[in-house]
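# Chains, contacts and geometry: an overview
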2 protein chains.
Amino acid sequence: MDKLGDNLKLEKQPTAEKAAKVLEEGINKKYACIISANCTARYSGRAESFLDLGDRIIFIKPDTTVLIHQTSGSQPVNWMPNNTVHNVSVKKDKLVLSSARISPPEKLEVEMDQVHFVNIMEMEDREKIQTQGSEKHMAEMIYKNPSLISKDFKPVSMEEQTKYGFIDVFGHDGKGVLTIVECKRYSADLGAVTQLRRYVERIKKDKGLKKVNGVIAAPKISSNAKKMLEDWGFKFKMVEPPKHFEEKKKKQSILSNF
Amino acid sequence: MDKLGDNLKLEKQPTAEKAAKVLEEGINKKYACIISANCTARYSGRAESFLDLGDRIIFIKPDTTVLIHQTSGSQPVNWMPNNTVHNVSVKKDKLVLSSARISPPEKLEVEMDQVHFVNIMEMEDREKIQTQGSEKHMAEMIYKNPSLISKDFKPVSMEEQTKYGFIDVFGHDGKGVLTIVECKRYSADLGAVTQLRRYVERIKKDKGLKKVNGVIAAPKISSNAKKMLEDWGFKFKMVEPPKHFEEKKKKQSILSNF
DNA sequence: GGGGAGAGATGCCGC
DNA sequence: GCGGCATTTCTCCCC
């Protein structure tokens, strides 16, 4: 049995008036609303944009977020975050969705020449995703297994705060020289090196030190970043982010179940 | 008339077998597929994640992109980019969508306890969004109106390439001292300052110069970034990104049509 | 709300 | 493909 059955409405090729009525109900009741339509979209706020006629999926979430998706790509072509106010109207036989936010001031207007379907439904979801393998997990792994950095590395703290930023792992080497470790879960780039440099300089200044070690821990590093790293006397240590749920698979085995 | 009418199927509360059949058809024909279901999701690849039972919207695009959305937030809770291979099956009365990519090796498995609806349809969209107000537009505006930076600024080039990055606007002041301008379309942060610093140092080294001007052009700058900027002898110039489609509206007037 | 930084970031462009 | 970087980035966390 589907307990949400009563709170689910599907309208195939509705008139603009019928679509407007269903959509208004969905927005008012904080249902998920999905529309397929041939439409234009105009955005004005943090930037300005216009998208001419084409078939798109329009998705209004219970939290007022709205997403407009084209036929390709992971990212919506237009969107509004939550805290958006929606207004539905019919102008010249077209269904118009006007969405606006106060801060920052921005608005999105979707004009639908043809609605292929409208669909509203109640959704219930209290779960939060559990993820492993983030940069924070890398820092924790290094904190617990300092030999991943070097034989004599002694970690002291994680997420150390400075005015110039947060330090992933902080400690010292066998000679007592302070060591700052910056973790990157993928390839370290120039930004990672300047970030590390900023922390090292800040600590040197704050504590009046002449020498502070800087280490980038990542699975790999770009060529220019490596050069800049060496210019500044820092070190690179190859470290893979931890994955607990499953062992990393070879390319071949990933498609094995097909 | 809706010419896509024939290529649109809506199934309300289908059995797992029926849902599988429709979904397979949609995937094979490269239609847009939208499913509402009570499901779990398990991801393994660049990281690892698990999401327990809840109602979600699953959207498979014609380009094989798949997005899973919860009831709130702009971002999908799970997703796969294009170049994904999808496999549909029924296991213990549950509809299972297995999606895998080769590079990087990653897979997503969605197990649906209950399918609220499945919906497949053809979509046609050849339009590309037109946007104004990007950082590149800011650079062009400054290049054409150098007085936005200072009375004596003479721009020479845009998108100047160095090994350590791309310089937004490059020129010199009235005394012939080289000037590097870094544009930010929103608040400039510490990263923007280190980015500018990287370019200035690189140019100094490459050309054997003692002094090179550094300017950040942005609508605003964070307090710490301003301090770091001044420490390095750089300058901040308030510049708004250009918006051509509409004049920027006051907060009050944004909601005027409601 | 500002500030700082990560993200399974994605997307774009250049080499 | 890698590299460098912007994004209406979004999201989280801390002050």
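Bear in mind that the values here come from a model prediction, so they are computed numbers and not experimental data.

## Focus: the overall build of chain A
Tallying secondary structure elements over chain A gives five helices and 14 strands in all. Out of the 258 residues belonging to chain A, those deemed buried represent 52%. At a minimum sequence separation of 6, the contacts of chain A that also span at least 24 residues come to 53%.

## Here we look at the relation of the copies chain A and chain B
With an RMSD of 0.1 Å, chain A superimposes on chain B once it is rotated by 180° and translated 0.0 Å along the axis. Both copies of the chain, as the preceding transformation shows, are related through a two-fold rotation axis. Every residue of chain A has its C-alpha some distance from the rotation axis, and the shortest such distance is that of threonine 194 of chain A, at 3.2 Å. Taken together, the interface assignments show that 100% of the residues at the interface of chain A recur at the interface of chain B, consistent with an identical surface on both copies.

## Re the domain arrangement of chain A
In terms of domain boundaries, chain A breaks down into domain 1 (3–121) and domain 2 (135–238). Computed from C-alpha coordinates alone, the two centres of domain 1 of chain A and domain 2 of chain A are separated by 46 Å.

## Concerning the pairing of strand β12 (residues 178–183) of chain B
Residues and elements named next belong to chain B. A large share of β12 lies buried, amounting to six of its six residues. Side-chain alternation along β12 places Leu178, Ile180 and Glu182 on one buried face and Thr179, Val181 and Cys183 on a second face that is also buried. The pairing of β12 with strand β13 (residues 213–218) spans five bridges and is classified as parallel. Bridged to cysteine 183 within β13 is alanine 217. Considered for its hand, the β-α-β crossover made up of β12, helix α3 (residues 190–207) and β13 is right-handed.

## Some thoughts on the confidence of the model for chain A
Considering every residue of chain A, the mean pLDDT works out to 91; 90% of them sit at 70 or more. Segment residues 247–252 of chain A is flagged for pLDDT under 50; beyond a separation of four residues in sequence, or across chains, it makes seven contacts in the model.

## Details of the protein's contact with DNA strand D
As a structural note, the neighbourhood of DNA strand D is formed by 29 residues, with Arg46, Ser222 and Asn224 of chain A together with Ser74 and Arg185 of chain B the closest of them. For DNA strand D, the fraction of protein-proximal atoms (within 4 Å) that sit in sugar or phosphate groups is 84%. Within the side chain of glutamate 106 of chain A, one N or O atom sits 3.3 Å away from a base oxygen of DNA strand D. At a separation of 2.7 Å, a phosphate oxygen of DNA strand D approaches a polar side-chain atom of serine 222 of chain A. Residue classes in the surface near DNA strand D are distributed as nine nonpolar, 13 polar and seven charged.

## Some thoughts on unusual backbone geometry
Residues and elements named next belong to chain A. A cis amide bond links serine 103 to the next residue, proline 104, at an omega of -5°. Tracing the chain through its elements places proline 104 in the loop between β7 (94–101) and β8 (106–121). The residue asparagine 83 is not glycine, and still its phi comes out positive at about 65°. Along the chain, the position of asparagine 83 falls in the loop between β5 (78–80) and β6 (85–91). Backbone geometry places aspartate 93, a non-glycine residue, at a positive phi of 65°. Within the secondary structure, aspartate 93 is located in the loop between β6 and β7.

## Some thoughts on the protein's contact with DNA strand C
Not every one of the 27 residues close to DNA strand C is listed here, only the nearest: Lys184 and Arg185 of chain A together with Trp79, Ser222 and Asn224 of chain B. Protein-adjacent atoms of DNA strand C, using a 4 Å cutoff, are sugar or phosphate at a proportion of 81%. Measuring from a phosphate oxygen of DNA strand C, one finds a backbone N or O atom of glutamine 75 of chain A at 3.3 Å. At a separation of 3.0 Å, a phosphate oxygen of DNA strand C approaches a polar side-chain atom of glutamate 182 of chain A. Considered class by class, the residues forming the surface near DNA strand C number nine nonpolar, eleven polar and seven charged.

## Quick word on the environment of arginine 197 of chain B
Note that arginine 197 of chain B resides in helix α3. By relative accessible area, arginine 197 of chain B is classed as buried at 3%. In this structure the C-alpha to C-alpha distance between arginine 197 of chain B and lysine 21 of chain B, which are 176 residues apart in sequence, comes to 58 Å. Beyond its immediate stretch of four places on either side in the chain, arginine 197 of chain B contacts Arg197, Glu201 and Trp232 of chain A together with Met228, Trp232 and Phe234 of chain B.

## Section: the environment of methionine 123 of chain A
Along the chain, methionine 123 of chain A falls in the loop between β8 and β9 (130–132). On the basis of relative accessible area, methionine 123 of chain A is assigned to the buried category, the value being 11%.

## With respect to the nonpolar core
In this structure, Ile58, Leu95, Leu97 and Met112 of chain A are the most contacted members of the largest nonpolar core, which totals 30 residues. Counting only elements with at least two residues in this core, the list comes to α1 (16–28), β2 (32–44), β3 (48–60), β4 (66–69), β7 and β8 of chain A. If you look at the next biggest cluster of nonpolar residues, it comprises 29 residues, including Ala37, Cys39, Tyr43 and Ala47 of chain B.

## Some remarks on the environment of proline 219 of chain A
Residue and element names in this part refer to chain A. The topology assignment puts proline 219 in the loop between β13 (213–218) and α4 (223–231). Each C-alpha atom of the pair proline 219 and alanine 188 lies 8.1 Å from the other, and the pair is 31 residues apart in sequence. Residues in contact with proline 219, not counting those within four places in the same chain, are Lys184, Arg185, Tyr186, Phe236, Met238, Val239, Glu240 and Pro241.

Calculation rules
- Each chain carries its own residue numbering, running from 1 in the direction its sequence is written.
- Throughout, the order in which chains and ligands are written sets their labels, letters from A for the former and numbers from 1 for the latter.
- The predicted nature of this model means local features are confined to residues of pLDDT at least 70 and side-chain atom pairs, given and counted, to a pLDDT of 80 or more, with totals for whole chains, interfaces and linings taken over all residues.
- The side-chain quantities take in all heavy atoms of the structure and omit both hydrogens and water.
- Where helices and strands are cited, they refer to DSSP runs of H or I of at least four residues and of E of at least two residues respectively, numbered from the N terminus.
- Throughout, exposure labels follow a simple rule: accessible area from a 1.4 Å probe, protein chains only, divided by the maximum for the residue type, with under 20% read as buried, over 50% as exposed, and the rest as partly exposed.
- When checking whether two residues touch, look at their non-hydrogen atoms; a contact exists if any pair is within 4.5 Å.
- All copies are superposed by least squares; the fitting set is the C-alpha atoms of residues with a pLDDT of at least 70 in both.
- What fixes the domain bounds is an automatic or database domain assignment.
- DSSP-based pairing: two strands are paired if at least 2 bridges between them are found.
- Look down the strands so they point away from you; if going from the first strand over the helix to the second traces a clockwise path, that crossover is right-handed.
- Scored between 0 and 100, pLDDT is the confidence that the predictor attaches to each residue.
- Any residue with a heavy atom positioned within 4 Å of a molecule or strand is treated as near that molecule or strand.
- For the purposes of these results, a polar contact is taken to be a pair of N or O atoms within 3.5 Å, where, inside protein, one atom must be able to donate a hydrogen and its partner to accept one; residues adjacent in sequence count only when each atom of the pair is a side-chain atom.
- Residue polarity is assigned by list, with Asp, Glu, Lys and Arg as charged and Ala, Val, Leu, Ile, Met, Phe, Trp, Tyr, Cys and Pro as nonpolar; anything else, Gly included, falls into the polar class.
- The criterion is simple. A nonpolar core is a set of buried Ala, Val, Leu, Ile, Met, Phe, Trp, Tyr and Cys residues joined through side-chain atoms within 4.5 Å.

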